[in-house]
Amino acid sequence: QVQLVESGGGLVQPGGSLRLSCAASGTIARINRMGWYRQAPGKQRELVATITSGGSTNYAESVKGRFTISRDNAKNTLYLQVNSLKPADTAVYCCEFDARRGTYWGRGTQVTVSS
């Protein structure tokens, strides 16, 4: 069973940056869309950003201009560069791969923005 594993989260001060990564433990064929989602305590999970196999991106309004999603198709790896972090960005960030054979989710990495 292929799993997705996120890394790169941590504690950062407001205005700081992190680079999140999401790697598959094995080969996943025909991945269409990859995405990052986040869930803050007491809130519903929300879409952060997605990227298609062709490189088209989509961002939540709250992160536009601060976050950048990218992917390495050869490595089945997804990235999220997060800049100018705010306390409101504090959440567990999870990745999702939408492939021909189904949808895969990671367990998440914690991002905490606090002074």
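The structure displayed is predicted, hence computed values, not measured ones. (Residues numbered from 1 in each chain as written. Predicted model: local features only at pLDDT ≥ 70, side-chain atom pairs only at ≥ 80, totals over all residues. Heavy atoms only, no water.)

*Asks:* Could you clarify how one ought to interpret the pattern of salt bridges in this entry?
*Replies:* Pairs can form between side chains of opposite charge once their charged atoms are near each other. The final tally for this structure, using the stated rule, is five salt bridges. Put simply, glutamate 96 and arginine 33 hold a salt bridge, and the shortest N to O gap is 3.8 Å. Taken together, the residues span a long stretch of sequence, with glutamate 96 in strand β9 (residues 91-99) and arginine 33 in strand β4 (residues 31-39) at a distance of 63 residues. Between lysine 64 and glutamate 61 there is a salt bridge, and its shortest N-O distance comes to 2.7 Å. Its relative accessible area of 45% is what places lysine 64 among the partly exposed residues. Among the charged side chains, a network of salt bridges with common partners joins Arg38, Glu46, Arg66 and Asp89. (Salt bridge = Lys/Arg side-chain N within 4 Å of Asp/Glu carboxyl O. Helix = DSSP H or I, 4+ residues; strand = E, 2+ residues; numbered from the N terminus. Buried < 20%, exposed > 50% of the residue type's maximum accessible area, 1.4 Å probe, protein only.)

*Asks:* Before we go on, may I ask you to explain the nonpolar core in this structure?
*Replies:* Soluble globular proteins tend to pack their nonpolar side chains together in the buried interior. Ranked by internal contacts, the top residues of the largest apolar core, which has 31 residues, are Trp36, Leu78, Leu80, Tyr93 and Phe97. When residues of this core are traced back to their parent elements, those giving at least two are β3 (18-24), β4, β5 (46-52), β7 (67-72), β8 (77-82), β9 and β11 (109-113). A per-element tally of this core places β9 first, with five residues. Filtering out sequence-adjacent residues up to four positions away, phenylalanine 97 remains in contact with Leu4, Cys22, Ala24, Ile28, Ile31, Arg33, Met34, Asn76, Leu78, Gly102, Thr103 and Tyr104. (Core = buried A, V, L, I, M, F, W, Y, C linked by side-chain atoms within 4.5 Å. Contact = heavy atoms within 4.5 Å.)

*Asks:* Hey, could you run me through the state of the cysteines in this one?
*Replies:* Each disulfide consists of a covalent bond between the sulfur atoms of two cysteine residues. According to the stated counting rule, one finds one disulfide in the structure shown. Between the sulfur of cysteine 22 and that of cysteine 95 lies a disulfide, 2.0 Å long from S to S. Residues cysteine 22 and cysteine 95 are joined by a disulfide whose S-S torsion is about 60°; by sign, that bridge is right-handed. One end of the pair, cysteine 22, is in strand β3; the other, cysteine 95, is in strand β9, with 73 residues separating them in the sequence. (Disulfide = S-S within 2.5 Å.)

*Asks:* How should the pairing of β7 be read in this particular structure?
*Replies:* Each regular strand shows side chains that alternate between the opposite faces of the sheet. Burial of β7 is one-sided: the residues Phe67, Ile69 and Arg71 facing one way are buried, the residues Thr68, Ser70 and Asp72 facing the other way are not. Direction of pairing for β7 relative to β8: antiparallel, over a ladder of six bridges. Residue pairing in the sheet places arginine 71 in a bridge with leucine 78 of β8. Hairpin geometry of β7 and β8 is characterised by an intervening segment of four residues between the two adjacent antiparallel strands and by a positive phi of about 50° at asparagine 76. (Pairing = 2+ DSSP bridges.)

*Asks:* Before we go on, may I ask you to explain the sheet that holds strand β1 (residues 4-7) in this structure?
*Replies:* The strands that make up a sheet are held in pairs by hydrogen bonds between backbone atoms, and each pair lies either parallel or antiparallel. Within the open sheet, the four strands sit side by side as β1-β3-β8-β7. Their pairing is antiparallel. Only two strands of the sheet have a single partner each, and these edge strands are β1 and β7. This sheet shows a mean twist of 15° between the axes of neighbouring strands, independent of strand direction. (Axes fitted to C-alpha atoms, helices over the stretch in contact; angles between N-to-C directions.)

*Asks:* Sorry if this is basic, but what is going on with the packing of aromatic side chains here?
*Replies:* Two numbers describe a pair of aromatic rings. These are the distance of the centres and the angle of the planes. Per the counting criterion, the structure on display carries one aromatic pair. Ring centres of tyrosine 37 and tryptophan 105 lie 5.1 Å apart, and the angle between their planes is 55°; on these two criteria the pair is classed as tilted. With tyrosine 37 in strand β4 and tryptophan 105 in strand β10 (residues 102-105), the pair connects residues that are 68 residues apart, well separated along the chain. Judged by its relative accessible area of 13%, tyrosine 37 falls in the buried class. (Phe/Tyr/Trp six-rings, centres within 6.5 Å; stacked < 30°, edge-to-face > 60°.)

All we've got here are geometric facts, nothing functional implied.
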